[in-house]
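Residue-level structural notes
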Amino acid sequence: MKPLSPLPNATTEAISVLKSEMDEPYWEERLLQLMKLAADNDKNIWTLIYQIMRDADSGRLSWGYHKKILSGVVYILSYVGDSKSYRVLLNYVKSLDRSIPIGAMELISDLLPTFQELDVKELFTIAISPDELKSAFAVMALSKLMYENRLTEDEKLNFKEFLGTYKNYKYYLDDMIESTLEFLNESNSPSLIHQLDGILE
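Residues numbered from 1 in each chain as written. Predicted model: local features only at pLDDT ≥ 70, side-chain atom pairs only at ≥ 80, totals over all residues. Heavy atoms only, no water.

1. A closer look at empty space enclosed by the protein
With a probe scaled to a water molecule rolled over the atoms, the places where space remains empty come into view. We apply this condition: Using a 1 Å grid laid over the protein atoms alone, points where a 1.4 Å probe fits but cannot get out form a cavity; open sets with protein on both sides within 12 Å along at least 5 of 7 lines form a pocket; any residue with an atom within 4 Å of a point counts as lining. Grid points are joined across faces, edges and corners, and a volume is the space filled by probe spheres set on the points. Helix and strand assignments come from DSSP, with helices taken as H or I runs of at least 4 residues and strands as E runs of at least 2, each series counted from the N terminus. Residues are grouped as follows: nonpolar covers Ala, Val, Leu, Ile, Met, Phe, Trp, Tyr, Cys and Pro; charged covers Asp, Glu, Lys and Arg; every other residue, Gly included, is treated as polar.
For the structure on display, the rule yields one cavity of 30 Å³ or more. In this structure, the largest cavity spans a volume of roughly 60 Å³. Lining the largest cavity, in full, are Leu18, Trp27, Leu31, Leu34, Ile45, Leu48, Ile49, Ile52, Ile69, Gly72, Val73 and Ile76. Residue assignment for the lining of the largest cavity shows that the elements contributing at least two residues are helix H2 (27-39), helix H3 (43-58) and helix H4 (67-80). When the residues that make up the lining of the largest cavity are grouped by side-chain class, the tally is 11 nonpolar, one polar and no charged.

2. Overview of the packing of aromatic side chains
We count it as follows: Only Phe, Tyr and Trp rings are paired, with Trp represented by its six-membered ring, and only when their centres lie within 6.5 Å; those with planes under 30 degrees apart are stacked, over 60 edge-to-face, the remainder tilted. Relative accessibility under 20% of the residue-type maximum defines a buried residue, over 50% an exposed one, and the middle range a partly exposed one, all with a 1.4 Å probe and only protein chains included. Here, over-ring charges are defined by two tests on the NZ atom of lysine or the CZ atom of arginine: distance to the ring centre within 6 Å, and angle to the ring normal within 35 degrees.
Scanning all chains against the criterion turns up five aromatic pairs. Measuring from ring centre to ring centre gives 6.2 Å for Phe124 and Phe159, while their planes differ by 80 degrees; the resulting arrangement is edge-to-face. Taken as a pair, Phe124 in helix H7 (residues 120-127) and Phe159 in helix H9 (residues 153-164) lie far apart in primary sequence, 35 residues in all. Each member of the pair, Phe124 together with Phe159, is buried. Judged by centre distance (5.1 Å) and plane angle (40 degrees), the ring pair of Phe162 and Tyr166 falls under tilted. Exposure remark for Phe162: the relative accessible area of 18% places this residue in the buried category. If you follow Lys84 out to its NZ or CZ, it ends over the ring of Trp46, 4.0 Å from the centre.

Written as structure tokens, this is what we have:
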């Protein structure tokens with residue numbers, strides 16, 4: 001297979017090319033190319049990323065019709081993983097004013113822990129938001145962090161207390177909340193702590 005041609009520098013043209021390529025067999029190769037360019041801080045690629053996120057925010061690009069492009073950008077941001085990438089992704093979530101599929105939210109929340117400059121306090125602030133869309137995202141992200149043991153004991157306690165009364169009528173999270181609370185209860189149970197003490201002695 002011949003090497004992929006560079007994308008046009010003009011962002012509108014580049015997005016048109018991506019739309020035409022997203023269902024082609026070489027799509028993953030295109031994403032790898034963009035990941036490497038973004039990691040090298042290529043100015044044109046970052047301009048493209050910002051425009052794609054703006055288009056997603058405005059609805060010009062939707063998860064229903066352009067899932068491969070939007071999920072691809074999320075993977076690119078996760079691959080780069082620096083503070084700039086983290087802020088682009090979190091600002092997208094914080095500015096959401098339209099529903100997105102639960103699968104898109106799961107993808108973002110699953111990849112969020114890969115960023116080193118994660119702000120747990122900010123996620124708690126989003127979790128208590130009256131906006132059920134943004135709140136659901138933060139709750140899923142915090143659950144992921146909890147399972148990966150990325151929360152302090154105080155944060156786990158605060159999260160447990162929060163989940164005890166949490167309801168989200170827009171996104172069905174009851175099963176996830178139940179399993180998260182079970183995990184938190186088991187991890188703090190005296191019997192488990194005693195077992196761990198025995199192993200560590």
